[in-house]
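# Coordinate analysis (summary)
For reference, the chains in residue letters:
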Amino acid sequence: MISRGLQWQRTGACDTGRVGSENTYVAAIDQGTTSTRAMVFDRRGRVVSCEQIEHEQIFPKAGWVEHDAQEIWRNTRRVTAAALASADLKYDDIAACGLTNQRETTVIWDRETGVPIHNAIVWQDTRTGDLCTELAGDDGPGRYRDKTGLPLSTYFAGPKARWILDSVEGSRERAENGELCFGTMDSWISWNMTGGADGGLHITDVTNASRTMLMDLRTLSWDESLCADFGVPAAMLPEIHSSAEVYGPLREHGSLPGVPLAGILGDQQAATFGQACLEPGEAKNTYGTGNFLLLNTGTEPVFSDHGLLTTVCYRIGDQDARYALEGSIAVTGSLVQWLRDNLGLFSHASEIEQLATQVDDNGGAYFVPAFSGLFAPRWRSDARGVIVGLTRFVNKGHLARAALEASAFQTREVIEAMQADSGVELSTLKVDGGMVVNDLLMQFQADILDVPVVRPVVNETTALGAAYAAGLAVGYWDSEDEIRANWAEDKRWEPSMDASERDRLYSEWNRAVEHSFDLA
Ligand code: ADP
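Let me begin by describing the structure that accompanies this report. Here the structure is a predicted model, which is why all the values come from computation and not from measurement.

### Some details on helix α16 (residues 499-514)
With 16 residues, α16 extends 23 Å from end C-alpha to end C-alpha; this agrees with the ideal 22 Å at 1.5 Å per step. By the burial criterion, the buried members of α16 are Arg502, Leu505, Tyr506, Trp509, Ala512 and Val513. Seen along its axis, α16 keeps its buried residues to an arc of 115°; they face one direction. The exposed set on the far side of α16, more than 90 degrees from its buried face, consists of Ser500, Arg511 and Glu514.

Below, the structure written as structure tokens:
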């Protein structure tokens with residue numbers, strides 16, 4: 001037994017005896033859609049170390065997307081050990097560990113053996129389309145919106161769990177007997193990190209639970225009638241916790257033995273936290289596999305009339321939960337991956353910029369990447385991807401440019417919805433994520449919004465947000481003021497496009513989107 005002088009408690013700060021030391025750090029695991037990262041941060045929120053491994057994207061059929069949860073857990077162990085090794089740190093240099101994750105991706109595993117009964121079904125997967133239509137019945141997709149803040153969509157975890165239970169023989173009965181665990185990726189990783197079959201904690205946080213369609217947004221607990229409608233037995237559900245508290249020690253056998261797991265947030269909520277959007281009216285936009293714009297709306301859930309989601313933003317210990325309005329776009333960075341992997345247009349994602357700068361504009365081509373239908377603000381599950389406006393003139397440079405522009409056009413749609421719902425006028429757009437190193441895209445984004453776009457020094461805001469949550473829970477950081485003080489601007493793109501050009505491009509985009517409807 002390794003002694004760290006820790007005093008475990010269910011909530012609130014714990015005395016590590018090392019928290020005050022200058023030489024301690026906070027670790028965070030970021031279990032993303034394309035990869036798993038482990039990062040170590042110092043007190044000023046600077047990156048001390050970062051290791052990352054991609055995992056396989058499994059496409060068994062058109063519209064289906066799966067991950068191997070055991071591969072992801074293996075990668076988590078590898079990146080955690082590597083991140084410590086590359087900065088020459090030991091577990092007792094780490095004051096706390098946070099966890100953030102791709103949201104909604106669903107896994108069901110055997111409580112005794114820790115083996116999943118099916119591949120994880122990824123948030124982009126559309127296999128539950130018919131199930132969602134059936135659940136919607138005469139009430140339509142808004143049937144559960146008041147309780148959950150969400151429209152019925154293939155996006156969310158509840159229908160995915162139901163599909164697995166309907167599809168794997170004998171699983172429903174086993175779930176009812178308490179033999180199986182349901183979880184989004186946070187639950188899967190935290191259960192494993194805290195001991196797995198050997199006493200692992202079966203937990204989730206309010207932000208992840210708010211994406212299942214099984215939690216009541218106001219009471220922040222599982223709702224019996226929702227679980228009954230979705231056919232998900234209560235016996236398989238994790239315990240819902242806040243986003244920042246000491247959940248328990250990490251397993252003795254791993255690289256961080258005894259380190260408190262003390263923060264869990266879904267990736268987009270973590271990025272909102274890491275971007276210091278801590279006041280109502282503050283928003284960020286993350287450009288990763290998809291794009292996710294979140295606006296902090298404070299302690300009251302705000303319901304959207306314009307196709308946005310209402311979701312839990314974060315909850316620190318026993319403070320009131322903070323809510324957010326969210327615009328989720330399914331396909332942005334994954335379109336770049338598609339051009340790379342399915343068309344072979346380039347071999348690294350970063351090469352898209354060079355290709356796109358070979359041409360002056362999109363050449364009249366528009367790419368609507370409705371590969372998983374369209375999410376916010378349109379919610380058209382009947383949509384599929386289209387490229388329109390092709391002539392003999394259009395070359396691969398134009399297509400690369402059209403693909404990048406698609407992220408910016410979709411972002412404008414979401415921001416218009418956000419402004420209509422909240423009445424908040426955007427003065428600058430805080431951005432982060434894998435695509436924001438792309439200058440061409442960021443300049444086009446500023447141009448098409450007519451608003452400056454700002455990137456922070458630490459672009460890995462997702463992992464940073466989870467680290468902040470964990471560090472606050474153990475008293476490594478005293479208050480959210482330190483998060484605000486740590487935030488610093490790295491780069492800013494000012495709009496420079498004529499209004500008439502902006503209007504022309506956006507109206508052509510809107511016409512292109514209509515061509516994607518009714519193709520599923
Ligand atoms: P996630 O957290 O969703 O796994 P990341 O924030 O790591 O995603 O971003 C990865 C995405 O960014 C990938 O989809 C990739 O195609 C895209 N990407 C990476 N580099 C660039 C680039 N230079 N230009 C455009 N897109 C990029």
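### Some details on the environment of Arg174
On the secondary structure map, Arg174 appears in helix α5 (residues 171-176). Relative accessible area serves as the criterion here: at 27%, Arg174 is assigned to the partly exposed category. Residues contacting Arg174, with those up to four places away along its chain left out, are Asp110, Ile117, Glu179 and Leu180. Here the side chain of Arg174 touches Glu179 through a polar contact of 2.9 Å, side chain to side chain.

### Digging into the sheet that holds strand β12 (residues 260-266)
Strands sit in the order β3-β2-β1-β5-β12-β11 across an open sheet of 6 strands; the sheet is mixed. Strands at the two margins of the open sheet, each flanked by one partner only, are β3 (47-54) and β11 (244-249). On average, each strand axis in the sheet is inclined to that of its neighbour by 25°, with strand direction left out of account. Here 3 bridges tie β11 to β12, and the two strands are oriented antiparallel to one another. The residue of β12 that forms the bridge with Pro249 is Pro260. Contacting β1 (25-31), β2 (35-41), β3 and β5 (94-101), helix α1 (residues 69-86) crosses the sheet at an angle of about 150° to β3. Those strands touched by helix α9 (residues 267-274) are β5 and β12, and its axis lies near 105° from that of β12.

### What to know about helix α13 (residues 439-449)
Of all 11 residues in α13, 9 are buried, a share of seventy percent or more. Along α13, the positions that sit buried rather than exposed are Leu440, Leu441, Met442, Phe444, Gln445, Ala446, Asp447, Ile448 and Leu449. Measuring from the side-chain oxygen of the N-cap residue of α13 to the backbone nitrogen of Leu440 gives 3.2 Å; that N-cap residue is Asn438. One or two positions beyond α13, positive phi appears at Asp450, with a value near 60°.

### A short note on the site of the ligand
Contacts to the ligand come from 17 residues, most closely from Thr34, Thr289, Gly333, Gly434 and Asn438. One of the backbone nitrogen or oxygen atoms of Gly333 is found 2.9 Å away from an oxygen atom of the ligand. Here Gly434 contributes a backbone N or O atom positioned 2.9 Å from an oxygen atom of the ligand. For the ligand, the protein covers 86% of the area, taking 580 Å² as the surface of the free molecule. When atoms are counted within 2 Å of each cavity's grid points, the one that captures over half of the ligand is the largest pocket. Looking at the shell around the ligand, the element that brings in the most residues is helix α10 (residues 333-341), giving 4 residues. For the shell around the ligand, the per-class residue count stands at 5 nonpolar, 11 polar and 1 charged.

Rules behind the numbers
- Residues numbered from 1 in each chain as written.
- Predicted model: local features only at pLDDT ≥ 70, side-chain atom pairs only at ≥ 80, totals over all residues.
- Heavy atoms only, no water.
- Helix = DSSP H or I, 4+ residues; strand = E, 2+ residues; numbered from the N terminus.
- Expected span 1.5 Å × (residues − 1).
- Buried < 20%, exposed > 50% of the residue type's maximum accessible area, 1.4 Å probe, protein only.
- Arc of directions from axis to C-beta.
- Contact = heavy atoms within 4.5 Å.
- Polar contact = N/O pair within 3.5 Å; in protein donor to acceptor, adjacent residues only side chain to side chain.
- Pairing = 2+ DSSP bridges.
- Axes fitted to C-alpha atoms, helices over the stretch in contact; angles between N-to-C directions.
- Near = heavy atom within 4 Å.
- Areas by Shrake-Rupley, 256 points an atom, 1.4 Å probe, with all protein chains shown as cover.
- 1 Å grid on protein atoms, 1.4 Å probe; cavity = no way out; pocket = protein on both sides within 12 Å on 5 of 7 lines; lining within 4 Å.
- Sits in = over half its atoms within 2 Å of the grid points.
- Nonpolar A, V, L, I, M, F, W, Y, C, P; charged D, E, K, R; others polar.

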